[in-house]
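Reading the structure
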Amino acid sequence: MPRRVALALLLASCSTAADSGADVTIGTTQGESTDTSTDATTTTGSAATTDEPSVTTTTAVPTTGSAPTTGEPAGPCGQPPPFTGAMPQTIDAAGMQRDYDLVIPADYDPNTAYPLVFAWHGRGGNGELARLYFKVEEASAGQAVFVYPDALPLADMDGQTGWDLDPANEDVALFDAILADVSSRLCIDSARIFSTGHSFGGYMSNTLGCARGGIVRAIAPVAGGGPFFPCTGQVAAWVAHGTGDTTVPFSQGEGARDHWLSTNSCGDATAPVEPAPCVAYDDCADGFPVHWCQHDEPDLGGHGWPAWAGPAIWEFFAAL
């Protein structure tokens, strides 16, 4: 049987709208990784701009190697979208019913392969809250499809929502299932799958960059940490953390930065990039840059989501 290991982390779901920071313990199971060929069934809710009927699809997760800069479309290009705008979805993943919000650009072009961006909320939050303040979608100006998953309540967090960071468990399986489902319905560029998240969602993005390095092209964790296990493949990484963060220690962000610097064979020298105070590391492996944004903004005890983060994350993703 796999061994259960407790990782004591300080996590919170923080935004200008809500903050539920507190000390927590996350249990992770160390063992074999899951089979990524999970079947997924999705039922759509009420469309934002159309009155589409419920749609049910059964799909399999595609197997992908190391991601190049561009790739073949993953979905039914040339077909009209099931809806445009934001719409709640329900999907079966790892034997459980899960929810996420799917956002399709209003001017979606079925002959264009779109990047797909996963956005993971913090502890105690949900996808709808993340969408309110991440602002990566807003910065993309309709150039990408966005997914905002909802976490499950966790018993070791007093019933607050949070992510299971073990790659063998339900939340990495949720990523696999959503990716398969969205790719089966929309024209998605399989080489431009991105992940961002705040706090606990930052840990989740680092987890995906590690466990799905041949599928995820780049990650952008804000005020997170990890990963905590051996990784496969590489990802480009944009990492931000507040020096005065009273929820997730600054050292956790430094650890994430150092992990990706090592994985991507970066040098020690840096050069300033927009926005200040971000820097880019020199001599990283071709196509796998690492940007580090160390800031001293005081919002939410240094644990907030900086106003410049959303546009900067999209600029980083769009350049890949």
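Throughout what follows, the structure given in this document is the object of discussion. (Residues numbered from 1 in each chain as written. Predicted model: local features only at pLDDT ≥ 70, side-chain atom pairs only at ≥ 80, totals over all residues. Heavy atoms only, no water.)

Quick look at the pattern of salt bridges now. Counting across every chain of the model gives six salt bridges. Note that R185 is salt-bridged to D181, the shortest N-O span being 2.8 Å. With a gap of four residues between them, R185 and D181 both fall in helix α3 (residues 170–185), about one helical turn apart. Each member of the pair, R185 together with D181, is buried. (Salt bridge = Lys/Arg side-chain N within 4 Å of Asp/Glu carboxyl O. Helix = DSSP H or I, 4+ residues; strand = E, 2+ residues; numbered from the N terminus. Buried < 20%, exposed > 50% of the residue type's maximum accessible area, 1.4 Å probe, protein only.)

What follows concerns helix α5 (residues 250–263). Between its first and last C-alpha, α5 extends 20 Å over 14 residues, near the 20 Å set by a 1.5 Å rise per residue. Among all positions of α5, only F250, G253, A256, R257, W260 and L261 are buried. Looking down the long axis of α5, one finds its buried residues gathered within 135° of arc, a one-sided arrangement. Lining the buried residues of α5 we find α4 (200–211), β12 (218–222), β13 (236–242), β15 (278–281) and β16 (290–295). Trailing α5 by a residue or two, S265 shows a phi angle of about 55°, which is positive. (Expected span 1.5 Å × (residues − 1). Arc of directions from axis to C-beta. Contact = heavy atoms within 4.5 Å.)

A few words on the state of the cysteines. In this structure the tally under the stated criterion is four disulfides. Between the sulfur atoms of C266 and its disulfide mate C284 the distance is 2.0 Å. Given an S-S torsion of about 110°, the disulfide between C266 and C284 has right-handed geometry. Here C284 lies in the loop between β15 and β16 and C266 lies in the loop between α5 and β14 (270–272), a separation of 18 residues in the sequence. Going through the protein in sequence order and numbering each bonded cysteine, the pairs you get are 1-2, 3-4, 5-7, 6-8. (Disulfide = S-S within 2.5 Å.)

Attention now goes to the nonpolar core. Of all hydrophobic cores here, the largest spans 53 residues; its most connected members are L102, L116, F118, F175 and V182. The biggest single contributor to this core is α3, with seven residues. In this structure, F118 is in contact with V147, P149, F175, I178, L179, I193, F194, S195 and T196, ignoring residues within four places of it in sequence. Within the second largest apolar cluster, 30 residues are counted, among which are A119, V136, A144 and F316. (Core = buried A, V, L, I, M, F, W, Y, C linked by side-chain atoms within 4.5 Å.)

Mapped onto the elements, W305 comes out in the loop between α6 (299–302) and α7 (309–318). Taking the relative accessible area as the measure of exposure, W305 reaches 10% and is therefore buried. Remark: the alpha-carbon pair of W305 and G242, spanning 63 residues in sequence, is separated by 9.4 Å. Those residues in contact with W305 that lie beyond four places of it in its chain are Y133, F134, V136, T196, G197, H198, V222, G310 and I313. Within the structure, W305 has its side chain in polar contact with the backbone oxygen of F134 (distance 3.1 Å). (Polar contact = N/O pair within 3.5 Å; in protein donor to acceptor, adjacent residues only side chain to side chain.)

Moving on: unusual backbone geometry. The omega angle of the peptide bond from G226 to P227 is 0°, so this bond is cis rather than trans. Position of P227 relative to the elements: it lies in the loop between β12 and β13. One non-glycine residue, A94, lies in the positive phi region at around 55°. With respect to the helices, strands and loops of the structure, A94 is situated in the loop between β5 (85–93) and β6 (96–104).

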